[in-house]
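Descriptive analysis of the structure
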Amino acid sequence: MRLVLVGPPGAGKGTQAQFIASNLSIPKISTGDIFRANVSGGTELGKLAKTYMDRGDLVPDEVTIAMVRDRLSEDDAQDGFLLDGFPRNVAQAEILRDMLKEWGLALDLVLELVVDDDEVVRRLAGRRTCSQCGRIWHVDFDDKKDDRCDACGGALFQRDDDKEETVRHRLEVYQQQTAPLVSYYADEDILVGVDATGPVEEVTRRAMEAIRPYMA
Ligand SMILES: [Zn+2]
């Protein structure tokens, strides 16, 4: 099974990627992991990427693509993979399609985690971080009535990233970048949406149900 997972910030994509990949016995390949592996392994691509990151610049597409190509060529990815964080746009999706085609392969499925904006805001804007131990609490889910950490008594604060305004902005950016990608895959007839609200295990169960018809 070769699949791509897409979803907005706050949809629990990282967690679902882990669970789905492990259910399917395929590697979860995220761009974050690939970057870290190349940089810490000191590969040529890692060194190149680091020169951009050290300057605070975005790593160019060609470098990311070369890293993805290397990773997909590894043994454990031969019987399938779950990609998380790549492709990010239609241009990358076309490159991925051509890369797989070259190997006589194609994507089986693109799974989109669907959560409405207000739910994402509720999840993220309710987070409070402990200023002492770094633990994260949630005003609704953990029923936090005070602004002290239950573990260490430290003062809780809201990270800038979790402020409603920031969350709404990230969602807008995501929609702008991802909408064309999602419609590209809808046109290719391999896009399936999964409701990503509710408990984590429930979302994984729905995702597995959506994947089943596409399994060889
Ligand atoms: Zn604490």
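Residues numbered from 1 in each chain as written. Predicted model: local features only at pLDDT ≥ 70, side-chain atom pairs only at ≥ 80, totals over all residues. Heavy atoms only, no water.

Defined as follows: UniProt positions are given in the numbering used here, feature names are shortened, and annotations may be inferred rather than shown by experiment.
Per an unreviewed UniProt entry, the recorded name for the protein chain is Adenylate kinase, and the organism is Nonomuraea aridisoli. Looking at the Function (unreviewed entry) heading of the UniProt record, one finds this comment for the protein chain: "Catalyzes the reversible transfer of the terminal phosphate group between ATP and AMP. Plays an important role in cellular energy homeostasis and in adenine nucleotide metabolism." Recorded under Subcellular location (unreviewed entry), the UniProt text for the protein chain is reproduced unchanged: "Cytoplasm".

1. Section: a negative patch on the surface
Put simply, the rule is: Here the term patch refers to residues with relative accessible area over 30% and no salt bridge, with like charges joined within 9 Å and nonpolar side chains (Val, Leu, Ile, Met, Phe, Trp, Tyr) within 5 Å. Here the accessible surface of atoms and residues is derived via Shrake-Rupley with a 1.4 Å probe, and residues count as covered only by protein chains that are part of the display. We count a salt bridge whenever a side-chain nitrogen from Lys or Arg sits within 4 Å of a carboxyl oxygen from Asp or Glu. Residues scored as positive are Lys and Arg, those scored as negative are Asp and Glu, and His as well as the terminal groups of each chain are ignored. The location of each charge is read from NZ of Lys, CZ of Arg, CG of Asp or CD of Glu. For the purposes of this entry, the term helix denotes a DSSP run of H or I that reaches at least four residues, the term strand denotes a run of E that reaches at least two, and both are numbered from the N terminus. Only protein chains enter the accessibility calculation, which uses a 1.4 Å probe; a residue whose area is less than 20% of its type maximum is buried, one above 50% is exposed, and one in between is partly exposed.
Where like charges cluster on the molecular surface, the negative patch consists of E94, D187, E188 and D189. With respect to the helices and strands, D187 occurs in helix α7 (residues 164–187). A relative accessible area of 69% places D187 in the exposed class.

2. Focus on the coordination of the zinc ion
Reference values for coordination geometry: four tetrahedral donors around a metal ideally subtend 109.5 degrees, six octahedral donors ideally subtend 90 or 180 degrees. As a reminder, the rule being used: For Na, K and Ca the donor cut-off is 3.2 Å, while for other metals it is 2.8 Å, and in both cases only N, O and S atoms qualify; water is not among them, so sites may look incomplete. Each label reflects the angles at the metal, where four donors whose angles all fall between 85 and 135 degrees are tetrahedral, four or six donors whose opposite pairs open beyond 155 degrees and whose other angles stay between 65 and 115 are square planar or octahedral respectively, and the rest are irregular.
Distances from the zinc ion to its protein donors, C130 (SG), C133 (SG), C149 (SG) and C152 (SG), fall at 2.3 to 2.4 Å. Between the 4 donor atoms coordinating the zinc ion, the angles at the centre fall across 99 to 117°, so the site counts as tetrahedral. Within one chain, the residues donating to the zinc ion are spaced in sequence as C-x2-C-x15-C-x2-C. Pair noted here: C133 is in the loop between β5 (127–130) and β6 (136–138) and C149 is in the loop between β6 and β7 (156–157), with a separation of 16 residues, a long-range link. Overall, C149 belongs to the buried group, its relative accessible area being 4%.

3. As for the sheet that holds β6
As a reminder, the rule being used: Two strands qualify as a pair provided DSSP detects at least 2 bridges between them. Only heavy atoms enter the contact rule, under which two residues are in contact if any of them lie within 4.5 Å. Every axis corresponds to a line fitted to the C-alpha atoms, with the helix fit spanning only the stretch in contact, and the corresponding angles, defined between N-to-C directions, vary from 0 to 180 degrees.
If you walk across this open sheet you meet the 3 strands as β6-β5-β7, and the pairing is antiparallel. The sheet terminates laterally at β6 and β7, the two strands that pair on one side only. Pairing geometry for β5 and β6, over 3 bridges, is antiparallel. Pairing of R128 across the sheet is with W137, part of β6. Packing of helix α6 (residues 117–125) onto the sheet brings it into contact with β5 and β6, and relative to β5 it is tilted by some 20°.

4. Notes on the side chain of Q16
Applied cut-off: Polar contacts, as counted here, are pairs of nitrogen or oxygen atoms within 3.5 Å of one another; within protein the pair requires one atom able to donate a hydrogen and one able to accept it, and residues that are adjacent in sequence qualify only if both atoms are side-chain atoms.
Secondary-structure assignment places Q16 in helix α1 (residues 13–24). Separated by 3.1 Å, the side chain of Q16 and the backbone oxygen of V200 make a polar contact. Every residue in contact with Q16, bar those within four places of it in the chain, is listed here: L5, L113, V200, V203 and T204.

5. What about helix α5 (residues 90–102)?
For clarity, the cut-off: Expected helix span is given by 1.5 Å per residue-to-residue step, counting one fewer step than there are residues. This arc is taken over the directions from the axis of the helix to the C-beta atoms.
With 13 residues, α5 should reach 18 Å at 1.5 Å per residue; the first-to-last C-alpha distance of 18 Å fits that figure. The set of residues buried in α5 consists of Q92, A93, L96, M99 and L100. All buried residues of α5 lie within an arc of 125° about the axis, which places them on one face of the element. The exposed residues of α5 that point more than 90 degrees off its buried face are K101 and E102. Capping the start of α5, N89 holds a side-chain oxygen 3.3 Å from the backbone nitrogen of A91, two or three residues further along. Immediately beyond the C-terminal end of α5, within one or two residues, lies G104, with a positive phi of roughly 75°.

6. A closer look at the sheet that holds strand β1 (residues 2–6)
Sheet strands line up and pair through hydrogen bonds in the backbone, either parallel or antiparallel. Pairing is parallel across the open sheet formed by 5 strands, whose spatial order is β2-β3-β1-β4-β8. Only two strands of the sheet have a single neighbouring strand rather than two, namely β2 (28–30) and β8 (191–195). Sheet twist, expressed as the average angle between the axes of neighbouring strands with direction ignored, equals 25°. As paired strands, β2 and strand β3 (residues 81–84) are joined by 3 bridges and run parallel to one another. Within the sheet, the bridge partner assigned to I29 lies in β3 and is L83. Set on the sheet, helix α2 (residues 31–41) makes contact with β2 and β3; between it and β2 the angle comes to about 75°. Its contacts with the sheet put helix α8 (residues 200–211) on β1, β4 (109–114) and β8, and the angle it makes with β8 is roughly 155°.

7. Observations regarding the nonpolar core
As a reminder of what qualifies: What we call a nonpolar core is a set of buried Ala, Val, Leu, Ile, Met, Phe, Trp, Tyr and Cys residues that are connected through their side-chain atoms within 4.5 Å.
Counting residues in each nonpolar core, the largest one holds 29 residues, and the members touching the most others are L96, L107 and Y185. Counting only elements with at least two residues in this core, the list comes to β1, α2, α3 (44–54), α4 (61–72), β3, α5 and α7. Every residue in contact with L107, bar those within four places of it in the chain, is listed here: R2, L3, V4, F81, L96, L100, Y185 and I190. Formed by 28 residues, the second largest nonpolar core is a distinct cluster that contains A11, I26, V167 and L171.

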